[in-house]
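Each chain, letter by letter, is given below.
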2 protein chains.
Amino acid sequence: MSERKLYKPKPVSGFPEWLPEVRLIEQQWFDHIRRVFESYGFCSVETPSVEELEVIAAKGEVDKEIYVIERLHKEEGDKEARLALHFDQTVPLARYVAQHFNELVFPFKRYQMQRVWRGERPQAGRFREFYQCDIDVINIDSLPLHFDAEMPAIIWEVLSGLPGMENEKIQLRVSNRKILFGLLKRLDVPNQEQILSIIDKIHKISAEKTLERLKKEAGLSTKQANTILEFASIRTTDLDAFHIFLEEFIENNTDQNYEIPAATFVGSPEYLEKERFLTGIDTLSEGAGELNEVIQNLSHLPKDAIMIDLSIVRGLDYYTGTVYETVFVDDPGYGSICSGGRYDDLASSYINKKLPGVGISIGFSRLFARMVEKKTISTARKSPADVLMILPSEEQRAMASATAQKLRARGVKVELFHAPKKIPDQLKYASRKGIPYVWFPDTGEVKNMITGEQKPADPKTWTPEEKR
Amino acid sequence: MSERKLYKPKPVSGFPEWLPEVRLIEQQWFDHIRRVFESYGFCSVETPSVEELEVIAAKGEVDKEIYVIERLHKEEGDKEARLALHFDQTVPLARYVAQHFNELVFPFKRYQMQRVWRGERPQAGRFREFYQCDIDVINIDSLPLHFDAEMPAIIWEVLSGLPGMENEKIQLRVSNRKILFGLLKRLDVPNQEQILSIIDKIHKISAEKTLERLKKEAGLSTKQANTILEFASIRTTDLDAFHIFLEEFIENNTDQNYEIPAATFVGSPEYLEKERFLTGIDTLSEGAGELNEVIQNLSHLPKDAIMIDLSIVRGLDYYTGTVYETVFVDDPGYGSICSGGRYDDLASSYINKKLPGVGISIGFSRLFARMVEKKTISTARKSPADVLMILPSEEQRAMASATAQKLRARGVKVELFHAPKKIPDQLKYASRKGIPYVWFPDTGEVKNMITGEQKPADPKTWTPEEKR
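The present account deals with the structure reproduced in this document. Here the structure is a predicted model, which means the values were calculated and not measured. (Residues numbered from 1 in each chain as written. Chains lettered and ligands numbered in written order. Predicted model: local features only at pLDDT ≥ 70, side-chain atom pairs only at ≥ 80, totals over all residues. Heavy atoms only, no water.)

### Let's talk about the overall build of chain A
(1) Moving on: The helix and strand inventory of chain A stands at 13 helices and 17 strands.
(2) Moving on: Projected onto the principal axes, the alpha-carbon positions of chain A cover approximately 105 × 65 × 45 Å.
(3) Moving on: Counting only residues that meet the buried cut, chain A has 57% of its 468 residues in that class.
(4) Moving on: Considering only contacts within chain A whose residues lie at least 6 apart along the sequence, 69% involve residues at least 24 apart.
(5) Moving on: Only carbon and sulfur atoms are counted for the fraction: they give 50% of the accessible area of chain A, which is about 20600 Å².
(6) Moving on: Positive and negative side-chain charges in chain A, numbering 63 and 71 respectively, have mean positions lying 8 Å apart. (Helix = DSSP H or I, 4+ residues; strand = E, 2+ residues; numbered from the N terminus. Buried < 20%, exposed > 50% of the residue type's maximum accessible area, 1.4 Å probe, protein only. Contact = heavy atoms within 4.5 Å. Areas by Shrake-Rupley, 256 points an atom, 1.4 Å probe, with all protein chains shown as cover. Lys, Arg positive; Asp, Glu negative; His and termini not counted. Charge placed at Lys NZ, Arg CZ, Asp CG, Glu CD.)

### Brief notes about the sheet that holds strand 9 (residues 306–309) of chain A
(1) Moving on: Pairing is mixed in the open sheet, where 9 strands are placed in the order 1-5-6-12-11-10-7-9-8 (chain A). Because the sheet does not close on itself, it has two edges, and the strands there are strand 1 (43–44) and strand 8 (235–236) of chain A. (Pairing = 2+ DSSP bridges.)

### Re the sheet that holds strand 15 (residues 437–440) of chain A
Strand pairing in a sheet relies on backbone hydrogen bonds, with the paired strands running either antiparallel or parallel.
All names here are of chain A.
(1) Moving on: In spatial order, the strands read 14-13-15-16-17; together these 5 strands make up an open sheet with mixed pairing. In the strand order of this sheet, the two ends are held by strand 14 (414–416) and strand 17 (454–456), each with one partner. The average undirected angle you get between the axes of adjacent strands in this sheet is 25 degrees.
(2) Moving on: The pairing of strand 16 (residues 445–448) with strand 17 spans 3 bridges and is antiparallel. In the strand pairing of strand 17, Glu-445 is matched with Pro-456.
(3) Moving on: Sheet contacts for helix 12 (residues 397–409): strand 13 (387–389), strand 14 and strand 15; angle to strand 14, the most-contacted strand, approximately 170 degrees. (Axes fitted to C-alpha atoms, helices over the stretch in contact; angles between N-to-C directions.)

### Thoughts on the interface of chain B and chain A
(1) Moving on: In this complex, chain B contributes 103 residues to the contact, which on the side of chain A involves 103 residues.
(2) Moving on: With both chains or domains summed, chain B and chain A bury close to 9400 Å², and 53% of this area falls on carbon and sulfur atoms.
(3) Moving on: Summed over the three residues of chain B that lose the most area to chain A, namely Tyr-7, Glu-17 and Leu-72 of chain B, the buried surface amounts to 8% of that side.
(4) Moving on: The interface formed by chain B and chain A includes 12 salt bridges.
(5) Moving on: When the shortest N-O distance is used, the salt bridge between Arg-34 of chain A and Asp-31 of chain B registers 2.7 Å.
(6) Moving on: Here chain B is connected to chain A by 54 residue pairs in polar contact (both at pLDDT 80 or more).
(7) Moving on: For the side of chain B that touches chain A, the leading source of residues is helix 1 (residues 20–39) of chain B, giving 7 residues.
(8) Moving on: Along the lines of polarity and charge, the residues of the side of chain B that touches chain A split into 47 nonpolar, 18 polar and 38 charged.
(9) Moving on: When strand 3 (residues 67–71) of chain A meets strand 3 (residues 67–71) of chain B, the two strands line up antiparallel, connected through 5 bridges. For Glu-70 of chain A, the partnering residue across the bridge sits in strand 3 of chain B and is Val-68 of chain B. (Buried area = accessible area lost by both parts, 1.4 Å probe. Salt bridge = Lys/Arg side-chain N within 4 Å of Asp/Glu carboxyl O. Polar contact = N/O pair within 3.5 Å; in protein donor to acceptor, adjacent residues only side chain to side chain. Nonpolar A, V, L, I, M, F, W, Y, C, P; charged D, E, K, R; others polar.)

Put into structure tokens, the structure is as follows:
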């Protein structure tokens, strides 16, 4: 060949790509997730990869990670809105629901499995392009709490059924933000945000250290700090014990000392303190009641599938009630596989309707990449074909091809070998591609490449072992 | 609600988005296409949405349409390679094959169904983001011609089986570029590119006009122009007639007048002319032979599914033999739905291996959008659910939910109604979402929403009509 400059192809950091044998399993994962989502009546939605920058940048926190797109040779005077790749599926969902509001039927149950982009600095294990698999239910004005329980049930079914995840101990952690919100209000503490960020790390550092941070950094009294620590440390699968604890707390903190004195003026410092206190307890009780109902509605799941975990904070400020995280029990440092929660108002930037919802999102690519790395998924097959059809001779091509067609018509996947090579070469090809069966159209026999067994078979009735 | 500035959500021109009922059919299309591709043993490949700009801009012709991506807040001193969204799946395939060369098994049969991006000026009917569905077979050094026939067979199976396409008359047009290349060489004409671009429009203008253009614009003699017009006008399903025509031409043009006189020096003008002539006829004969074999290997398809069409030029200069286009017979102005061909060397920019291939690409989104617009696809269902499970009362939720689980375990898709509303309201919801069956868990009866029939059913055995 002539001399020429070759461009060495290399991976782009943060943009994962799989070999066919891995992609095949990735497809099985998507198929499984879709099957479960649809079995609960969720419809599929796909939105464009881009939104107008103005839409996507409304939430300031991820500004830095936004990728904008631009035509390489933009003409002078182009007046088009700037476009950006979406960094999640929630912003597009909000825009979608608002835009198509009159054409959707509510409660609107949708799932969405698309790539999202985050322009982070390249670093090991961080993807800049990855799949998310989201489900959300949106309704107008109010949304039954029942859906808060449906989410973890669906996610449990999804995660426990993924090929290669059989031996992973997974646990869904559930909380209700109203409990912590109420508590903080009741304790009348400043710096709620700072306290939440300390709680967020409660299981990464010691209780002592947390206490110290709550006091020193957030300026809490020892009593306040102790109470918060006591709450935020709760991790239990024992719903009864949890409830006794909460009821006691509510009872002890709703005593008559807090009756508003008759002479107190509305708006006076005493009144406001009192109100805050009462509202706090109300909010806490409300959250506890909701959490109770959600957990009870999940009683059909295996023991230890669900855990109450009051330390769950979730960074995003739009969650207002139930919140979820999902962890590998044996690898807590890995962080959450799948998170979400309830929000009060999905699309308030676009539409004058109150649209509460609850949703959960699987960080698909990160999870999948972990299982690929752990080698718990089987990557034996480089081809989807069930059968390699032998081509005994060029003269027998039509016959071999017709046999292949008969099998295909019945849903069997068949690759016809491309040249009348020696049989051992054709067998070797099947084995290199991981194709489990080889068909000899001249003798009408099929060979199982794993057991080595070979026997007569009829293309009108034969089915591969694993599909029987 | 409080006053606030609302951002009016609107579609971004050129970036299509579907309502759930349309998306549901789009998914059926993808499922069908994937099923057919895999039934022939093609494996799935997905590449990142981006390539390095240097990779993607190697082919100059689409420069203007390339979208580059950039982090919104790029730090000073970022030294990363510029990234661009891919505009087709061929450039990424070439890079993929070269990069993973040692891990792939050849012939490498892959399909790829992803979004691609073209930053065209927005205009009606032009997408800037759309799906393509490609299949290609790549081999090392040489690739059996048999694959050139497999492509149209697969595409025929794909297109004729798409929901909503039942009444469309589709035809695959096949040619072999060697025939025209050989002819032009034989006629020893200049401006091959100009002639090809005139031929490309041969069926859009009259024969007279074409003749005139060939003479005036390309400077051909009347005889040359006539011969080219005669060839390029050939559109036939009659393989025998086609062959008689070609054989006659070859015979008439390989007469002894063209024997190289013994005294001619190699390199002399007489010798070069002669050589060009002989090579031309050889190339033409080779192309005719290949086309013949491809068409013969497609004899199992319905009459009129395939047509020989020598006017097919295909803009891309990498096609070297068989070429395909696919048209709506009743709407020729629509252009090609699905095109492709054989190329000699997929990845010559990246690797010092000769990798010939043959491939074909369905312009998915454009085709799908056409069928949506023609309303030939049914969009009755806004939900994938087969069954709406009635919630007779809050007390019966557990029972209704358990019945739903029994059905889901058997692959039936069930939405549990969310609130114990009046039965007519629940029925109305099913009908608004287009859910075909409603299940009454209290009486154990199922109602067919289309026929109105209602009868007892067992969740352990019942199956929706269309899946039986």
